[in-house]
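Chain and residue survey
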Amino acid sequence: MKTFRTLQVSVHLIFILCSGISCTNADDCGDEASKFSTLEISEVTSTSFKVYGVVTPPPCERLNVGFGTGIVISTDPDPNLENGMDYGSSSLTYDLNISGLMPETKYYIKPYFLISLRRYEFGSQYEVTTLAFTENTSE
């Protein structure tokens, strides 16, 4: 009986240790990459716009190890986390209202997926130009 209990505890310990393991190394996932299935830009004004997006992580990822999604925005092409404004989310979808922008300015947007708090994958670049500022002149 003692041997059976030791075996049972060992099996549970192995299960617990292995349950936190995931594919956090890019080589482990092979050619698998996150898919940015949707990125929609709407309600563009002179100083704001809305962004909605959905990220599908690689099938080899277990999301019990910490992840994040979001977008980076910059007035420079090819934005990244160093040269852009980061708008993050803690779920696989994001619905963001980006405000405080400059009128008549082109913004470049890239969605990203953060895996295990150390590896980023970026999606395709999108562009949006804010509208011209118009004053309300009604009397």
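Please read these numbers as outputs of a predicted model, since none were measured by experiment. (Residues numbered from 1 in each chain as written. Predicted model: local features only at pLDDT ≥ 70, side-chain atom pairs only at ≥ 80, totals over all residues. Heavy atoms only, no water.)

The helix and strand tally for the chain stands at one helix and eight strands. Starting at the N terminus, the α and β elements of the chain follow one another as α-β-β-β-β-β-β-β-β. The buried share of the chain, taken over its 139 residues, is 32%. For the chain, the proportion of contacts with a sequence separation of at least 24, taken over those separated by at least 6, is 64%. In the structure as shown, the chain presents an accessible area of about 8800 Å², 53% of it carried by carbon and sulfur atoms. (Helix = DSSP H or I, 4+ residues; strand = E, 2+ residues; numbered from the N terminus. Buried < 20%, exposed > 50% of the residue type's maximum accessible area, 1.4 Å probe, protein only. Contact = heavy atoms within 4.5 Å. Areas by Shrake-Rupley, 256 points an atom, 1.4 Å probe, with all protein chains shown as cover.)

Across the chain, the average pLDDT comes to 74, with 63% of residues at or above 70. Of all secondary-structure elements in the chain, the lowest mean pLDDT belongs to helix α1 (residues 2-19), at 38, while strand β8 (residues 126-129) reaches the highest, 96. Every residue in residues 2-27 scores below 50 in pLDDT, and together they form 22 contacts with partners more than four places removed in sequence or on other chains. (pLDDT = per-residue confidence, 0-100.)

It is worth spelling out the side chain of Thr69 at this point. Structurally, Thr69 is set in strand β3 (residues 67-74). A polar contact of 2.6 Å, which involves the side chain of Thr69, links it to the backbone oxygen of Ser91. Leaving out residues up to four positions away in the same chain, Thr69 has contacts with Val55, Tyr87, Gly88, Ser89, Ser91, Leu92, Thr93, Tyr94, Tyr112 and Phe113. (Polar contact = N/O pair within 3.5 Å; in protein donor to acceptor, adjacent residues only side chain to side chain.)

So, about the packing of aromatic side chains. Taken as a whole and assessed by the stated rule, the structure comprises two aromatic pairs. With 6.5 Å between their ring centres and 55° between their planes, Phe49 and Tyr107 make a pair best called tilted. Placement of Phe49 in strand β2 (residues 49-56) and of Tyr107 in strand β6 (residues 106-115) is noted, with a sequence separation of 58 residues between them. Side by side, Phe49 and Tyr107 carry an identical accessibility label, which is buried. (Phe/Tyr/Trp six-rings, centres within 6.5 Å; stacked < 30°, edge-to-face > 60°.)

Our focus in this paragraph is the nonpolar core. Phe49, Val51, Ile71, Ile73, Tyr94, Ile98 and Ile109 are the most contacted members of the largest nonpolar core, which totals 16 residues. Those elements giving two or more residues to this core turn out to be β1 (35-42), β2, β3, β5 (93-98) and β6. Among the elements that take part in this core, β6 stands out by supplying four residues, more than any other. Beyond its immediate stretch of four places on either side in the chain, Ile109 contacts Ile41, Phe49, Ile71, Val72, Ile73, Pro79, Ser124, Gln125, Tyr126 and Val128. (Core = buried A, V, L, I, M, F, W, Y, C linked by side-chain atoms within 4.5 Å.)

This brings us to the pairing of β6. In terms of residue burial, β6 counts as a mostly covered element, since nine of its 10 residues are buried. Direction of pairing for β3 relative to β6: antiparallel, over a ladder of eight bridges. Note that in β6 the partner of Ile73 across the bridge is Ile109. Sheet analysis places β6 next to β8, joined by four bridges and oriented antiparallel. Considered in β8, the bridge of Lys106 is made with Thr129. Inspection of the sheet shows β6 paired to strand β7 (residues 119-122) by four bridges, in the antiparallel sense. Bridge assignment links Leu114 to a residue of β7, and that residue is Tyr120. (Pairing = 2+ DSSP bridges.)

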